[in-house]
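Residue-level structure breakdown
The primary structure of each chain is shown beneath.
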Amino acid sequence: MADIIPAPEALEPALALLEAGEVVAIPTETVYGLAGDATNGQAVARIFEAKGRPRFNPLIAHVADMAMAERIAIFDPLSRRLAEAFWPGPLTLVLPLRQEAGIHPLVSAGLDTIALRMPKGFGGELIRRLGRPLAAPSANSSGRISATTARAVADDLGARIKLVVDGGATPVGLESTIVKVEQGGLRLLRPGGIAATDIEAVAGVLLLRGAVGIQAPGMLASHYAPGAAMRLSVERIVKGEALLAFGPKRTAGWQDAVAVKNLSERGDLTEAAANLFSFMQALDRSGAAVIAVEPVPQDGLGEAINDRLARAAAPRDKPLVET
Ligand code: TXA
Ligand code: MG
């Protein structure tokens with residue numbers, strides 16, 4: 001079983017494992033990541049192995065500072081402006097990859113672009129000390145909900161990894177927003193921890209929607225799936241369902257729910273995002289066959305919350321392809 005070590009004491013053991021080409025689960029401000037040295041093919045392969053994730057799916061390379069970022073990818077003025085505004089933070093930029101940067105091709109899945117992000121807190125410090133970028137997908141097995149606590153990581157991946165660094169519950173609770181810088185502008189590949197409108201305000205252009213060519217593969221239908229089936233935007237609770245609530249007003253029949261978790265009593269979307277994955281997991285553990293979900297408004301972080309809920313509700317009869 002993996003050791004769970006609090007962040008302050010975990011820096012040295014995490015560094016030693018990463019230097020040895022092992023993987024380590026680390027806290028970031030969005031969700032926990034399963035990190036390995038992005039320049040070491042064996043380390044990257046171990047990430048895929050631990051997650052049970054199909055290999056064609058590219059990973060995010062996490063950097064400590066702009067100098068490291070610019071050694072890996074080519075920034076134009078617009079991408080530099082976004083990095084300055086939102087890094088460190090929950091924004092991932094997909095940029096042209098510098099082939100000579102030493103990023104292992106398993107990280108970029110052989111693409112000529114690379115997804116880059118500068119995380120806050122422990123991850124940033126770890127990368128600075130290592131002196132190399134960390135490839136890190138969310139620390140969950142393929143097809144499962146992203147982990148927002150060290151306990152959730154250990155329950156899922158504990159038998160397959162050596163160390164989970166415990167930084168407490170992740171403050172944002174949703175994965176980063178992924179934006180691809182294209183000739184004609186910016187494309188939103190995955191809504192996430194920074195609202196699209198906040199990015200548009202800094203960029204001065206509207207985000208293009210709808211992925212073309214290679215998608216942000218976090219976008220395949222059934223994703224973030226709990227064991228229970230999900231029923232979205234419910235208007236009435238059916239007896240025996242668990243209820244994922246939002247806001248101060250309850251849906252008709254809510255007293256019949258076997259378990260209730262409210263994403264945010266006061267209807268705050270930031271609070272709801274931070275609670276989303278752990279509350280889905282908690283309701284799943286209630287044993288209910290169905291989790292009914294109250295409507296969540298689509299503005300701000302609501303876009304990313306509704307995106308994750310829709311994936312969790314997608315039919316499971318198709319083979320799971322990603323997470
Ligand atoms: O908040 C986050 O982004 C977390 C933390 C750990 O940083 N990471 C995360 O990674 O969510 P992951 O691997 O679960 O999702 C990364 C997404 C995937 O959908 C992947 O396909 C997409 O980024 N991606 C990576 N490289 C890409 C590229 N070159 N072009 C398009 N999409 C890319
Ligand atoms: Mg993921």
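We now turn to the structure provided with this report. These figures come from a predicted structure and were not determined experimentally.

Considering the packing of aromatic side chains
Counted by the stated rule, this structure contains one aromatic pair. Seen in terms of ring centroids, Phe-75 and Trp-87 are 6.1 Å apart; in terms of plane orientation they differ by 80 degrees. Their pairing is edge-to-face. Note that Phe-75 is positioned in the loop between α3 (66–72) and α4 (77–86) and Trp-87 in the loop between α4 and β5 (91–96), a separation of twelve residues in sequence. The ring of Phe-279 has Lys-261 lying over it, and the distance from NZ or CZ to the ring centre is 4.7 Å.

Topic: the layout of surface pockets
Estimated volume of the largest pocket: approximately 340 Å³. Contributing to the lining of the largest pocket are 17 residues, with Arg-144, Ala-152, Asp-155, Gln-281 and Arg-285 lying nearest its centre. Elements that contribute at least two residues to the lining of the largest pocket include exactly α7 (150–157) and α9 (269–285). Taken together, the residues of the lining of the largest pocket break down into six nonpolar, five polar and six charged.

Observations concerning the pairing of strand β3 (residues 33–37)
For a regular strand, the rule is simple: side chains alternate between the two faces of the sheet. Summarising burial for β3: five of the five residues are buried, a large majority. Two elements, strand β2 (residues 24–26) and β3, share three bridges in a ladder whose sense is antiparallel. Bridging from a neighbouring strand, Val-24 pairs with Ala-35 of β3. Adjacent in sequence and paired antiparallel, β2 and β3 are bridged by six residues. Sheet topology places β3 next to strand β7 (residues 134–135); two bridges connect them, and they run antiparallel. Residue pairing across strands places Gly-36 opposite Ala-135, the latter belonging to β7.

Quick notes on the sheet that holds strand β13 (residues 259–262)
Across the sheet, which stays open at both edges, the four strands sit in the order β11-β14-β12-β13 with parallel pairing between neighbours. With partners counted over all chains shown, the strands left at the sheet margins are β11 (229–231) and β13, one partner each. Put simply, the sheet's adjacent strands are angled 20 degrees from each other on average, direction ignored. Bridging between strand β12 (residues 242–245) and β13 involves four bridges; their strand directions are parallel.

Quick notes on empty space enclosed by the protein
Applying the stated criterion across every chain, the model contains two cavities of 30 Å³ or more. What lines the second largest cavity is simply Thr-177, Leu-188, Pro-191, Gly-192, Ile-194, Ala-195, Ala-196, Gly-300, Leu-301, Glu-303 and Ala-304. Broken down by class, the residue content of the lining of the second largest cavity amounts to seven nonpolar, three polar and one charged.

Let's talk about the side chain of Ser-79
Note on placement: Ser-79 falls in helix α4. Residues in contact with Ser-79, not counting those within four places in the same chain, are Leu-93, Leu-95 and Val-181.

Focus: the nonpolar core
Formed by 71 residues in total, the largest nonpolar core has its most connected members in Leu-116 and Ile-161. Ranked by residue count, the leading element in this core is helix α1 (residues 7–19), at seven residues. Setting aside anything within four residues of it in sequence, one finds Leu-116 in contact with Ile-60, Ala-61, Val-63, Ala-69, Ile-72, Ala-73, Phe-75, Trp-87, Leu-91, Thr-92, Leu-93 and Leu-95. Of all hydrophobic cores here, the second largest spans 29 residues; its members include Leu-263, Ile-291, Val-296 and Leu-301.

A closer look at α4
Buried residues of α4: Leu-78, Ser-79, Leu-82, Ala-83 and Phe-86, and no others. Along the axis of α4, the buried residues cluster in a sector spanning 135 degrees; they form a single face. Every exposed residue of α4 that faces more than 90 degrees away from the buried side is listed here: Pro-77 and Glu-84. Elements in contact with the buried residues of α4: α3, β5, β9 (177–182), β10 (185–190) and α8 (196–203).

Thoughts on the packing of α4 against α8
For any two helices packed against each other, one specifies the inter-axial angle together with the distance between the axes. The contact between α4 and α8 brings their axes to 10 Å, and the two run at 125 degrees. Here α4 lies oblique to α8, going by the angle between them. Handedness of the α4/α8 crossing: right-handed. Between α4, through Leu-78, Arg-81, Leu-82, Ala-85 and Phe-86, and α8, the contact on the second element is made entirely by Asp-198, Ile-199, Val-202 and Ala-203. Per-class residue counts for the contact of α4 with α8 are seven nonpolar, no polar and two charged.

So, how was this worked out
Residues numbered from 1 in each chain as written. Chains lettered and ligands numbered in written order. Predicted model: local features only at pLDDT ≥ 70, side-chain atom pairs only at ≥ 80, totals over all residues. Heavy atoms only, no water. Phe/Tyr/Trp six-rings, centres within 6.5 Å; stacked < 30°, edge-to-face > 60°. Helix = DSSP H or I, 4+ residues; strand = E, 2+ residues; numbered from the N terminus. Lys NZ or Arg CZ within 6 Å of the ring centre and 35° of its normal. 1 Å grid on protein atoms, 1.4 Å probe; cavity = no way out; pocket = protein on both sides within 12 Å on 5 of 7 lines; lining within 4 Å. Points joined across faces, edges and corners; volume = space filled by probe spheres on them. Nonpolar A, V, L, I, M, F, W, Y, C, P; charged D, E, K, R; others polar. Buried < 20%, exposed > 50% of the residue type's maximum accessible area, 1.4 Å probe, protein only. Pairing = 2+ DSSP bridges. Axes fitted to C-alpha atoms, helices over the stretch in contact; angles between N-to-C directions. Contact = heavy atoms within 4.5 Å. Core = buried A, V, L, I, M, F, W, Y, C linked by side-chain atoms within 4.5 Å. Arc of directions from axis to C-beta. Parallel < 35°, antiparallel > 145°, perpendicular 65-115°, else oblique. Left-handed = near helix turned anticlockwise from the far one by under 90°.

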